[in-house]
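Residue-level listing of the chains:
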Amino acid sequence: MDGNESQALLSKEQLIYAITVPLSTSIILANLVIILAIACNRQLHNTPNYFFLSLLVADLCTGVALPFIPWMGLNRELSFSSCLVVHVFPNFLFLAFLFNLVMVHYERYICIVSPLHYSSLWMHRSFPLALLVVWTPPLLYASLPAFGWNNWTGPDWNGCCADSRGTTPLGNCSRNGTACCSYQRVFPNAFIYLEVYGLVLPAILTIAGMTGRVLWITRGQLKDICRLHRSVERGSQASDREQRLNLRYTRCVVAVSLTFLACWVPYLIYMHVCVAFLLGETKWGSTTLIVLSCIGIGSMAVVPLVLGLANRQYTEPANKLLQKLRDRWRRRMQESEEISL
């Protein structure tokens, strides 16, 4: 490894940790706050919050694995088993997070669309089975490379440590093909396409469709409420209450739209750029892929935090604790001022 390659690798490592460590720390702390709030409040010990708790655990694990995900795009010198672990385990956590997120949205969607049949859903009658549904398929699919669906023994792997856009081997890889760890050796192209367009993209579209359907139903119910309110008051003009309801609905739509744009669009961009990079149709540098992976995965991991922090029941214990600490600090300041006088 010469000086230029060593410096380039060090700069990439610093870039990865500079972006992911603060983001990962924020995600972990926020998830812990919400998890503790659910655990300490007995009124929140019910099936919907258990689903959300499972999502928070998956998001917490994703936050822990976040600093290691961008390394999946870099070639390294690792053994076969170590290479599988550093690629399969983060992929399993990501898929488990996505499945849990779909389940939480589906549970809330049924609660609004069909409230009369909500309590009789299979997921409420058999919660352990629902947990198996959201955790077992991601584990099975992510483990397929460990059961043989990989390119580890494929031909012409002696140059896999070479830069994907050049012919010079990277300094952090050996020329022995068996010791070179690359995502292309662990994940075949068919595996990546199936995951992206068969699992990830349909899941995101399903979440967007359920959210849009809920907003549409809410809009119809709001119109019915306004119509009944006008018939009772026998007026044709919108009252202040109707205006407040419309304003609240508008804020809700804006919040949902901004959340989708801020959390899902960066990940969709990162996902399609990675597919284009895999096909070799674009010449993006590794630095660009590192930045896109950090921002894309990190922004997607913020979605459960937005759902959790928007619920006052989840944030009430933390607010009470902060209020106590603030009051105690004010008392000490007052006592210190009195002593000084």
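Residues numbered from 1 in each chain as written. Predicted model: local features only at pLDDT ≥ 70, side-chain atom pairs only at ≥ 80, totals over all residues. Heavy atoms only, no water.

Some points on the overall build of the protein
Next, step 1: Within the protein one finds 12 helices and 2 strands.
Next, step 2: Across the 341 residues in the protein, those meeting the buried criterion constitute 39%.
Next, step 3: A separation threshold of at least 6 residues defines the contact pool for the protein, and within that pool the share at least 24 residues apart is 79%.
Next, step 4: Counting every atom, the protein has about 19,300 Å² of accessible surface; 62% of that belongs to carbon and sulfur. (Helix = DSSP H or I, 4+ residues; strand = E, 2+ residues; numbered from the N terminus. Buried < 20%, exposed > 50% of the residue type's maximum accessible area, 1.4 Å probe, protein only. Contact = heavy atoms within 4.5 Å. Areas by Shrake-Rupley, 256 points an atom, 1.4 Å probe, with all protein chains shown as cover.)

Some thoughts on the side chain of His105
Next, step 1: Within the secondary structure layout, His105 lies in helix 3 (residues 80-113).
Next, step 2: Residue class for His105 comes out buried when judged on its relative accessible area of 16%.
Next, step 3: Look past the residues within four positions of His105 in its chain and what remains in contact with it is Ile207, Met210, Thr211 and Leu307.

What to know about the state of the cysteines
Next, step 1: What the rule picks out here adds up to 1 disulfide.
Next, step 2: One disulfide in the model links Cys83 with Cys181; its S-S distance is 2.1 Å. Torsion about the S-S bond of the Cys83 and Cys181 cystine: about 80 degrees, corresponding to right-handed handedness. Separated by 98 residues along the polypeptide, Cys83 in helix 3 and Cys181 in strand 2 (residues 180-181) bring together distant segments of the chain.
Next, step 3: A relative accessible area of 0% places Cys181 in the buried class. (Disulfide = S-S within 2.5 Å.)

Examining the packing of aromatic side chains
Next, step 1: Counted by the stated rule, this structure contains 11 aromatic pairs.
Next, step 2: On the numbers, 5.9 Å between centres and 55 degrees between planes, the contact of Tyr267 with Tyr270 is tilted. On the criterion of helical spacing, the pair formed by Tyr267 and Tyr270 is a turn pair, its members being 3 residues apart in helix 9 (residues 265-279). By the burial criterion, Tyr267 is buried, and Tyr270 matches it. (Phe/Tyr/Trp six-rings, centres within 6.5 Å; stacked < 30°, edge-to-face > 60°.)

Notes on a positive patch on the surface
Next, step 1: Taken together, the side chains of Arg241, Arg244, Arg248 and Arg251 present a region of like positive charge at the surface.
Next, step 2: Inspection of the secondary structure puts Arg241 in helix 8 (residues 240-263). (Patch = residues over 30% accessible without salt bridge, like charges linked within 9 Å, V, L, I, M, F, W, Y side chains within 5 Å. Salt bridge = Lys/Arg side-chain N within 4 Å of Asp/Glu carboxyl O. Lys, Arg positive; Asp, Glu negative; His and termini not counted. Charge placed at Lys NZ, Arg CZ, Asp CG, Glu CD.)

A word on the packing of helix 3 against helix 5 (residues 127-142)
Next, step 1: Helix 5 packs onto helix 3 with a crossing angle of 150 degrees between their chain directions and a minimal axis gap of 8 Å. Compared by their axis directions, helix 3 and helix 5 come out roughly antiparallel. Between helix 3 and helix 5 lies a crossing whose hand is right-handed. Taking contact as the criterion, the partners of Val88, Asn91, Phe92, Leu95, Ala96, Phe99, Asn100 and Met103 in helix 3 are, on helix 5, Ala130, Val133, Val134, Trp135, Pro137, Pro138, Leu139, Tyr141 and Ala142.
Next, step 2: In terms of residue class, the contact of helix 3 with helix 5 is made up of 15 nonpolar, 2 polar and no charged. (Axes fitted to C-alpha atoms, helices over the stretch in contact; angles between N-to-C directions. Parallel < 35°, antiparallel > 145°, perpendicular 65-115°, else oblique. Left-handed = near helix turned anticlockwise from the far one by under 90°. Nonpolar A, V, L, I, M, F, W, Y, C, P; charged D, E, K, R; others polar.)

Here's the deal with the confidence of the model for the protein
Low-pLDDT portions of the prediction should not be read for the details of their coordinates.
Next, step 1: Averaged over all residues, the pLDDT of the protein is 79; the fraction at 70 or higher stands at 84%.
Next, step 2: Across the protein, element-level confidence peaks in helix 5 with a mean pLDDT of 92 and bottoms out in helix 8 with 76. (pLDDT = per-residue confidence, 0-100.)

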